[in-house]
Amino acid sequence: MLTREDNEKLTRTGHDSPMGALFRSYWLPVLLSEELPQCDGPQVRVRILGEDLLAFRDTHGQVGLVEPRCPHRGADLYFGRNEGGGLRCAYHGWKFDAAGQCVDMPILPVESAEKTCPRVAIKAYPTREWGGMVWAYMGRVEEGGELPALPRMEFALVPESHRYVSKKLQECNWAQAAEGGIDTAHFSFLHMPVARSEEEFVQRALRAVRGYNAQTMNQDHVRWMREDPRPRYQVKRHAAGLVLGASRQANPGEQYWRIAQYLMPCHGYTPSAARGQTYHGQSWVPIDDQSCWIFCYSWNPDRPLTPEEIGSYDSGGAVYPARDAHYRPARNRANEYLLDRAVQKSENFTGIEGVSEQDAAIQDSQGRIADRTREMLGPTDVAVVQFRRLMLQSADAVARGEAPPGRDDPQAYLVRGGGTVAPAGDDFDAVMLRRFGDDMGRVRAEADATAS
Ligand code: FES
Ligand SMILES: [Fe+2]
């Protein structure tokens, strides 16, 4: 449970809000590189942290992220032309480069334009392309100050053939979507098949986890999650966030561990992949306080992704929903996720198709902004509690003028999450060492060298 004040602090990300200032202390994914496929191509509208912006790729390939308002008389640069190294306003031809600098005022007398032009600029945020996404730094940079380095997330370090990147629209506040990602206890219900026989259960379990590796999310794992719905949680803080372990009874004498990562300020890794398999992650980036983009990525450190993997991510599998050209899930808030009551009776727990869609439906159902003042939390909510504490403390740190966790430690982002079966007597540290060779899931130097 949170107080009303803390719930506001956690969920509000606009200008002048503590959480907004925390988000603006980091590089954030703001759109996919594929949304700007060519130089001088069409600019696209982007709304992030409640701010309406325009993104465009200039003649040299540089991505600009600028305010859409032309300072001359307020025309919307969305209607302008992307040409010759900048965006030209369609009204009277003022032109702005990717850094927001005015570079041409063709309507003014030449002498006056030469004087005025260098003094006029629109707001522009620094951008970088990293791992198939455009990242922006929306914080304040002091005069002569340096930007932080981009986080060394593994999906961005592997060759392009080893990763898949997309995004999906989610119509609720970022924080409850993120909480869904770190609350791995819900699999025992939300994603559970319903069946009349064990054989049918196995078939449906495999269908339910399509897009994940058959070896890493198989019927045994789903069965263990069905039979032990009370996972025991352990959470550790590290330099960039949290590592969250949950163990369930597996075969006699063994525990099935699912280990997720949360990385500041809004990235999470899923808990299923076994060693050598394909990993999945998501970044919950506020569009505003009522909706967010969930950037999704899958990567395999050891090999290119297979056509089967890519096909399932394209069509709705693993963390990806079936979606339209605007990245809106086909099953969404407006159509109640195509909930089918007959399916809910006899095939799966929700009557909704797809793991990603089931997550979205239930997170949206908590309200546009979940009311955390009326919750009744229990032991399986410990990860959610730790997440909130980390976020609130970090927002306070930024308000005091301190650097928040991980901001100046890009290497701390080079971690993995995943699953494993371990002897029942092993504690969390032993399990981490067994699965990752490191107590926090950090990728070892030799793996890093391969990845780079
Ligand atoms: S309003 Fe943009 S140039 Fe006049
Ligand atoms: Fe889920």
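Residues numbered from 1 in each chain as written. Chains lettered and ligands numbered in written order. Predicted model: local features only at pLDDT ≥ 70, side-chain atom pairs only at ≥ 80, totals over all residues. Heavy atoms only, no water.

### What about the coordination of the iron ion (ligand 2)?
- Coordination of the iron ion (ligand 2) by the protein is provided by His186 (NE2), His191 (NE2), Asp359 (OD) and Asp359 (OD), with metal-donor distances spanning 2.0 to 2.7 Å.
- Each of the four donor atoms bound to the iron ion (ligand 2) contributes to angles spanning 53 to 147°, and the resulting shape is irregular.
- One chain supplies every donor for the iron ion (ligand 2), spaced along it as H-x4-H-x167-D.
- With a relative accessible area of 18%, His186 lands in the buried category.
- With a relative accessible area of 4%, His191 lands in the buried category. (Donors = N, O, S within 2.8 Å, 3.2 Å for Na, K, Ca; no water. Tetrahedral: all angles 85-135°; square planar, octahedral: opposite > 155°, others 65-115°. Buried < 20%, exposed > 50% of the residue type's maximum accessible area, 1.4 Å probe, protein only.)

### What to know about the packing of helix H6 (residues 198–208) against helix H7 (residues 219–227)
- Interhelical geometry of H6 versus H7 gives an angle of 110° and a closest axis separation of 9 Å. By the angle between their directions, the pair H6 and H7 is classed as roughly perpendicular. Here Glu198, Phe201, Val202, Ala205 and Leu206 of H6 come into contact with H7, specifically with Gln219, Val222, Arg223 and Arg226.
- Class assignment for the residues of the contact of H6 with H7 results in five nonpolar, one polar and three charged. (Axes fitted to C-alpha atoms, helices over the stretch in contact; angles between N-to-C directions. Helix = DSSP H or I, 4+ residues; strand = E, 2+ residues; numbered from the N terminus. Parallel < 35°, antiparallel > 145°, perpendicular 65-115°, else oblique. Contact = heavy atoms within 4.5 Å. Nonpolar A, V, L, I, M, F, W, Y, C, P; charged D, E, K, R; others polar.)

### Thoughts on the environment of Met19
- Assignment of secondary structure puts Met19 in helix H2 (residues 18–23).
- Separated by 246 residues in sequence, Met19 and Pro265 have C-alpha atoms that sit 9.5 Å apart.
- In this view, Met19 contacts Lys9, Leu10, Arg12, Thr13, Trp174, Met391, Leu392 and Ala395; residues no more than four positions away in its chain are not counted.

### A few points about the sheet that holds strand S3 (residues 51–57)
- Pairing is antiparallel across the open sheet formed by three strands, whose spatial order is S2-S3-S4. Both outer strands of the open sheet, strand S2 (44–48) and strand S4 (63–66), are each paired with one neighbouring strand and no more. Adjacent strand axes in the sheet meet at a mean angle of 30° when their direction is disregarded.
- Pairing analysis gives four bridges linking S3 to S4, with the strands arranged antiparallel. Bridge pairing links Leu54 to Val66 in S4. (Pairing = 2+ DSSP bridges.)

### What to know about the nonpolar core
- With 97 residues, the main nonpolar core has Leu10, Met19, Phe155, Trp174, Tyr262, Phe387 and Met391 as its most contacted residues.
- Shared between two domains, this core takes at least three residues from each, and those domains are domain 1 (36–127) and domain 2 (154–451).
- In contact with Leu10, not counting residues within four places along its chain, are Leu2, Met19, Trp174, Ala175, Glu179, Arg372, Phe387, Arg388, Met391 and Leu392.
- Formed by 17 residues, the second largest nonpolar core is a distinct cluster that contains Ala75, Leu87, Cys89 and Ala98. (Core = buried A, V, L, I, M, F, W, Y, C linked by side-chain atoms within 4.5 Å. Domains from an automatic or database assignment.)

### Some remarks on the packing of helix H1 (residues 4–11) against helix H11 (residues 382–399)
- As a packed pair, H1 and H11 sit with axes 10 Å apart at the nearest point and diverge in direction by 80°. Judged by the angle between their axes, H1 and H11 are roughly perpendicular. Judged by residue contacts, Asp6, Lys9 and Leu10 of H1 engage Phe387, Arg388, Met391, Leu392 and Asp396 from H11.
- Classifying every residue of the contact of H1 with H11 by side-chain character gives four nonpolar, no polar and four charged.

### Some points on the packing of aromatic side chains
- For the coordinates displayed, the defined rule picks out 17 aromatic pairs.
- Aromatic side chains Trp174 and Phe387 sit 5.9 Å apart centroid to centroid with 70° between the ring planes, which places their arrangement in the edge-to-face category. You can see Trp174 sitting in helix H5 (residues 174–182) and its partner Phe387 sitting in helix H11, a full 213 residues away along the chain. As far as the burial class goes, Trp174 and Phe387 line up, both buried.
- A connected cluster of aromatic rings, assembled from ring pairs, spans Phe23, Trp174, Tyr262, Trp284 and Phe387.
- Cation over ring: Lys167 sits above Trp293, and NZ or CZ is 3.7 Å from the ring centre.
- Sitting over the face of the ring of Phe201, Arg226 holds its NZ or CZ atom 4.0 Å from the ring centroid. (Phe/Tyr/Trp six-rings, centres within 6.5 Å; stacked < 30°, edge-to-face > 60°. Lys NZ or Arg CZ within 6 Å of the ring centre and 35° of its normal.)

### Overview of unusual backbone geometry
- Looking along the chain, the bond that leaves Met264 and enters Pro265 is cis, with omega of -5°.
- In this structure, Pro265 sits in the loop between strand S14 (254–263) and strand S15 (267–269).
- Its identity as a non-glycine residue notwithstanding, Ala318 has a phi of 55°, on the positive side.
- Structurally, Ala318 is set in the loop between helix H8 (307–315) and helix H9 (341–346).

### A word on the domain arrangement of the protein
- Entries for the protein in the domain assignment read domain 1 (36–127) and domain 2 (154–451).
- In this complex, domain 1 contributes four residues to the contact, which on the side of domain 2 involves five residues.
- Buried area between domain 1 and domain 2, summed over both chains or domains, comes out near 370 Å², and the portion from carbon and sulfur atoms is 59%.
- Remark: the boundary between domain 1 and domain 2 carries one salt bridge.
- Across the pair Arg47 and Asp288 runs a salt bridge, and its minimum N-O distance is 3.2 Å.
- Joining domain 1 to domain 2, the criterion identifies four residue pairs in polar contact (both at pLDDT 80 or more). (Buried area = accessible area lost by both parts, 1.4 Å probe. Salt bridge = Lys/Arg side-chain N within 4 Å of Asp/Glu carboxyl O. Polar contact = N/O pair within 3.5 Å; in protein donor to acceptor, adjacent residues only side chain to side chain.)

### Description of the pattern of salt bridges
- Scanning the entire structure with this criterion turns up 34 salt bridges.
- Close ionic contact of Glu171 with Arg328 constitutes a salt bridge, the shortest N to O distance being 3.7 Å. Linking Glu171 in the loop between strand S11 (163–170) and H5 with Arg328 in the loop between H8 and H9, this pair joins segments that are 157 residues apart in sequence.
- Residue Glu171 is classed as buried on the basis of its relative accessible area, which comes to 15%.
- Given the relative accessible area of 27%, Arg328 is considered partly exposed.
- A salt bridge links Asp228 to Arg232, with the shortest nitrogen-to-oxygen separation between them at 3.1 Å.
- Overlapping salt bridges bring together Glu198, Asp220, Arg223, Arg226 and Glu227 as one network.

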